[in-house]
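Descriptive analysis of the structure
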Amino acid sequence: MMSLVAQIILILAIFFGVLTALGSGFGTLEIIIWFAVMIAALVFVIKRYQRSRNSNS
C-alpha cells in the first residue's frame, strides 16, 4: 500500500492536472464543486488509511 503522503500528492496532482487541462473557463460554482470533490477524495483516502492501519495493529 502506498504511503498516505504519496496518496495525497497523487490526488492533488490529478485534480490540478484535470483543472489545468480543462482550462480557466470555470465559474465559481464549478470551482466549488471540484474543490468539494477533491476534499471528499482526500477524506476518503485518509479514512481508508486509518482503517487499514488500525486493522493491522
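Residues numbered from 1 in each chain as written. Predicted model: local features only at pLDDT ≥ 70, side-chain atom pairs only at ≥ 80, totals over all residues. Heavy atoms only, no water.

Regarding a nonpolar patch on the surface
To keep things clear, this is the line we draw: Patch membership requires over 30% relative accessible area and the absence of a salt bridge. Like charges are linked within 9 Å, and nonpolar side chains (Val, Leu, Ile, Met, Phe, Trp, Tyr) within 5 Å. Method for areas: the Shrake-Rupley scheme with a 1.4 Å probe, in which residue coverage is limited to the protein chains shown. By convention in these notes, a salt bridge is any Lys or Arg side-chain nitrogen within 4 Å of a carboxyl oxygen on Asp or Glu. Secondary structure elements are taken from DSSP: a helix is a run of H or I of four residues or more, a strand is a run of E of two residues or more, and numbering for both begins at the N terminus. Accessible area is worked out with a 1.4 Å probe on protein chains only. A residue is then buried under 20% of its type maximum, exposed over 50%, and partly exposed in between.
A cluster of nonpolar residues, Met2, Leu10 and Ile14, forms a patch on the protein surface that exposes about 270 Å² of accessible area. Topologically, isoleucine 14 is positioned in helix H1 (residues 4–22). Judged by relative accessible area, which is 48%, isoleucine 14 ranks as partly exposed.

Re helix H2 (residues 28–56)
Heads up, the rule is: One less than the number of residues in a helix, times 1.5 Å, gives the span that helix is expected to have. Contacts are residue-level and defined by heavy atoms, with any inter-residue pair within 4.5 Å sufficient.
Compared with an ideal rise of 1.5 Å per residue, which puts 29 residues at 42 Å, H2 spans 42 Å between its outermost C-alpha atoms and is within 8% of the ideal. Among the residues of H2, those classed as buried are Met38, Leu42, Val45 and Ser52. In the core, the buried residues of H2 are packed alongside H1.

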